[in-house]
Amino acid sequence: MLLNRLSHDVSDHERKNLYLLLAIGLLYTLGIFLSNIFVNIFLWKQSEDIQVVAFYNLFIAISQTLIYIVFGKWAKKIDRILILRAGITLISIFFISVLAFGENAAHYNLLLGSLLGAGYGFFWLAFNVLTFEVTEPYTRDFFNSTLGMLQSFSGMVGPITAGFIITVLTGYTGYLTIFFISFILFILAVVCSFFIERREIEGTYALRVAIKERQENANWKRLLNAHFFQGTREGVFLFLVGLLVYMGTQSEMTVGIYNFIYAATSLLAYQVVARVVTPSNRIKFITFGAISLYLAIFWLLISNLSYEFFIFGAIVGIAFPLFFAPYMSISYDVIGKANQAREYRIEYIILREIFLNLGRGTSLLLFLLGLLFMDQSLWIQYGIVIFGVGYLIVNIYLAKIVKDSSET
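Every value quoted in this text rests on a predicted model; they were computed, and no experiment measured them.

Helix and strand counts for the protein come out as 16 helices and zero strands. Since a compact globule built from 408 residues should have a radius of gyration of about 22 Å, the 20 Å found for the protein is in line with a globular shape. Summarising its shape, the C-alpha atoms of the protein cover approximately 55 × 40 × 40 Å along the three principal directions. Looking at the protein as a whole, 57% of its 408 residues qualify as buried.

Right under this line is the structure:
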């Protein structure tokens, strides 16, 4: 079984916390994939304006960044579990709001984006800190790979299940059912959170420590730059790819099948990653994954038929885990080696997430700016090629980190 792959040297105490955090990750992502997969398409169908969708995603990034900046100190004053629950609650309210606004949801795209971004901010603030606390260098590859597999499973089950329910239960009954199921999953995630060991953190909140470390620690500076360029790709790609599949086929079912294929291939790839990736070969997988993800873009540009989008989904599904799982392990290792990491680990994680969302916001702003000066369809093609470079730049920074770490 998957969970038996964890080394026998890991204590029962460590196993318990790892499994509980993985369970929370599974329940959260399953709830998200079940309900959120078609929100961008929903807004597009109402407005037929890609700017509406882009602004919605921009406000997700802005809101999430502000949560980290303004409320990051809560992670040192308030139990991280409570912050996790606050995030889940806000995301639940977001789904209820989409349903309440109904056919007028596109008019409230900025409000909806802000609400979802705030939920994401609180949830990932807590989840990332908990990940750092319950994992060690010798368990991080297992944790990140297993979490990726569980997320892939959610991506397979969620869209197909939602599509089936909405098809059988027509009108708003189907959506109400989906949102209710998501709400139950979020409640179960909260229940799991009660069993995770709480860790006290001493000292005051000082984000300046992490900022100052950027000037003194070359690898920390490289990692922050890497997360910024990761964000420049994700800001546009997270909403545009699914929208392109729908615009090309005019079929929600095709979008659902595309996500199923992407998630299924990711699940298989994460199983391989969990078995073969080690600290000594991480950069090889990251490099191969980054190059493959960029080359796949050119296939997307010429795709018009359903099966062509399915092929793209399979390629990305295989390549992304090779890039992302070892990347996250390196990220936590760099934080773990930073100055006073134990005392200021929250500040390091918050600054990392700020850089990631600044990258997302930057790419979305540039994308919106491009729409003002260029034909929409042409700019979308140029934008995909330009912003798709982000992961290649990430790979360059990570290679320098690995090289520097091996020499010291």
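Having seen the model, we can carry on.
Applying the stated criterion to the full structure yields 25 aromatic pairs. Centre to centre, the rings of F229 and Y397 are 6.2 Å apart; their planes meet at 20 degrees, and the pair counts as stacked. Highlighted residues: F229 in helix α10 (residues 218–249) and Y397 in helix α16 (residues 390–407), separated in sequence by 168 residues. Using a relative accessible area of 24% as the deciding quantity, one classes F229 as partly exposed. Following the ring pairs from residue to residue traces out a cluster consisting of Y28, F94, F95, F123, W124, F127 and F186.

Okay, the packing of helix α9 (residues 207–216) against helix α14 (residues 341–373) next. Viewed as axis vectors pointing N to C, α9 and α14 meet at an angle of 65 degrees, and their least axial separation amounts to 8 Å. One way to sum up the angle between α9 and α14 is to call them roughly perpendicular. α9 and α14 meet at a crossing whose hand is right-handed. Every residue of α14 that contacts α9 at L207, V209, A210, I211, E213 and R214 is listed here: Y344, E347, Y348, I350, L351, I354 and F355. Residue composition of the contact of α9 with α14, by class: 10 nonpolar, no polar and three charged.

A few words now on the layout of surface pockets. Reported here for the largest pocket is a volume of approximately 570 Å³. In terms of lining, the largest pocket is formed by 28 residues, of which the most central are F38, F42, I166, Y175 and E252. For the lining of the largest pocket, the secondary structure elements donating two or more residues are α1 (12–36), α2 (39–47), α5 (80–101), α7 (140–168), α8 (172–193) and α11 (252–276). Here the lining of the largest pocket takes seven residues from α7, the largest share from any one element. In the lining of the largest pocket, the residues fall into 18 nonpolar, seven polar and three charged. Taken as a whole, the second largest pocket spans an internal volume of roughly 330 Å³. In terms of lining residues, the second largest pocket is bounded by 16 residues, among which D333, V334, K337, I401 and S405 are the most central. The element that contributes the greatest number of residues to the lining of the second largest pocket is α16, accounting for five residues. In the lining of the second largest pocket, the residues fall into six nonpolar, six polar and four charged.

Okay, the side chain of N57 next. Considering the arrangement of structural elements, one finds N57 in helix α3 (residues 50–71). By relative accessible area, N57 is classed as buried at 11%. Separated by 2.8 Å, the side chain of N57 and the backbone oxygen of V53 make a polar contact. With residues up to four places along the chain from it excluded, the contact list for N57 reads N40, F239 and L364.

This paragraph deals with the pattern of salt bridges. What the rule picks out here adds up to three salt bridges. One salt bridge connects R282 with D333, and the closest N-O pair in it is separated by 2.8 Å. Taken together, the residues R282 in helix α12 (residues 282–301) and D333 in helix α13 (residues 306–336) connect sequence positions 51 residues apart. The class of R282 is buried, set by a relative accessible area of 5%.

Residue placement: N219 occurs in helix α10. Here the side chain of N219 touches D404 through a polar contact of 3.0 Å, side chain to side chain. Residue contacts for N219: discarding those within four places in its chain leaves V334, K400, I401, D404 and S405.

Let us look at a nonpolar patch on the surface. Together, F180, F183, I184, I187, L188, V191, F194 and F195 make up a nonpolar patch on the protein surface, roughly 760 Å² of accessible area in all. With respect to the helices and strands, V191 occurs in helix α8. A relative accessible area of 39% places V191 in the partly exposed class.

Time to look at the packing of α10 against helix α15 (residues 376–387). At their nearest, the axes of α10 and α15 sit 10 Å apart, and the two run at 135 degrees to each other. What the angle tells us is that α10 and α15 run oblique. Between α10 and α15 lies a crossing whose hand is left-handed. Each of T232, R233, V236, F237, L240, L244 and M247 in α10 lies in contact with α15, whose residues at this interface are Q376, I380, I384 and F387. Its residues assigned to classes, the contact of α10 with α15 comprises eight nonpolar, two polar and one charged.

How each quantity is defined
Residues numbered from 1 in each chain as written. Predicted model: local features only at pLDDT ≥ 70, side-chain atom pairs only at ≥ 80, totals over all residues. Heavy atoms only, no water. Helix = DSSP H or I, 4+ residues; strand = E, 2+ residues; numbered from the N terminus. Rg over C-alpha atoms; globule rule 2.2 N^0.38 Å. Buried < 20%, exposed > 50% of the residue type's maximum accessible area, 1.4 Å probe, protein only. Phe/Tyr/Trp six-rings, centres within 6.5 Å; stacked < 30°, edge-to-face > 60°. Axes fitted to C-alpha atoms, helices over the stretch in contact; angles between N-to-C directions. Parallel < 35°, antiparallel > 145°, perpendicular 65-115°, else oblique. Left-handed = near helix turned anticlockwise from the far one by under 90°. Contact = heavy atoms within 4.5 Å. Nonpolar A, V, L, I, M, F, W, Y, C, P; charged D, E, K, R; others polar. 1 Å grid on protein atoms, 1.4 Å probe; cavity = no way out; pocket = protein on both sides within 12 Å on 5 of 7 lines; lining within 4 Å. Points joined across faces, edges and corners; volume = space filled by probe spheres on them. Polar contact = N/O pair within 3.5 Å; in protein donor to acceptor, adjacent residues only side chain to side chain. Salt bridge = Lys/Arg side-chain N within 4 Å of Asp/Glu carboxyl O. Patch = residues over 30% accessible without salt bridge, like charges linked within 9 Å, V, L, I, M, F, W, Y side chains within 5 Å. Areas by Shrake-Rupley, 256 points an atom, 1.4 Å probe, with all protein chains shown as cover.

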